[in-house]
Each structure stands twice: as C-alpha cells, then as structure tokens.
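# Residue-level structure breakdown
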Amino acid sequence: MDKNITLTLPSLMVGQILDALYMRLETWEYTEEYLNTGHVHEPYLIEECSNAYEARQIADYYKEIIKSIEKQADIPTRVRT
C-alpha cells in the first residue's frame, strides 16, 4: 500500500473535495453504462478506457476513496453500494 498522508483541512474544503470526487465517480459510472448499453446519460461525459470492466474498477476506486474520506471526517456516506 502507498504511504499514508495526513492533511488538515477545513470541513468546507473537505466537502468541496468530496463533491469533486462524486462527480468523477458519476462520470465513470456513466462510462460503464455507455459501454454496456450504448446509451449515454446527461451530462454526456464519457471517459476513455478499454471496456466496461475497467470503467467499473475505476468507479469502485473512487467509491473507496470517498468512503475513506467520509469515514475519517465522520460524514455519513452518500455512496451508493
């Protein structure tokens, strides 16, 4: 595992970081959906990757990051499982 880094940030900044991570997660979920179905969701942003499985792996990694931050910040998770 990578080296752990401790950051001290105001809660508002942590909220902004989480918002950005949720947007990235959503984009990768849309990418997976597109690669599986051929249909796109608004906002029509599809990432470049090899296949739907890779898109799902990346989305899951974003979920892991989000859950870790929310747990450490004692914030109820909004991640869908």
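Look up: the structure comes first, before these words.
Residues numbered from 1 in each chain as written. Predicted model: local features only at pLDDT ≥ 70, side-chain atom pairs only at ≥ 80, totals over all residues. Heavy atoms only, no water.

## Some remarks on the environment of Leu9
- Considering the arrangement of structural elements, one finds Leu9 in the segment before helix H1 (11-37).
- C-alpha separation for the pair Leu9 and Val40, spaced 31 residues apart in sequence, amounts to 36 Å.
- Setting aside residues up to four positions removed in sequence, Leu9 forms contacts with Val14 and Ile17. (Helix = DSSP H or I, 4+ residues; strand = E, 2+ residues; numbered from the N terminus. Contact = heavy atoms within 4.5 Å.)

## Re the side chain of Glu29
- When you line up the elements, Glu29 lands in helix H1.
- Setting aside its immediate chain neighbours within four residues, Glu29 contacts Arg56, Ala59, Lys63 and Arg80.

## Looking at unusual backbone geometry
- Although it is not a glycine, Asp74 adopts a positive phi angle of roughly 55 degrees.
- With respect to the helices, strands and loops of the structure, Asp74 is situated in the segment after helix H2 (52-72).
- Since its relative accessible area comes to 70%, Asp74 is described here as exposed. (Buried < 20%, exposed > 50% of the residue type's maximum accessible area, 1.4 Å probe, protein only.)

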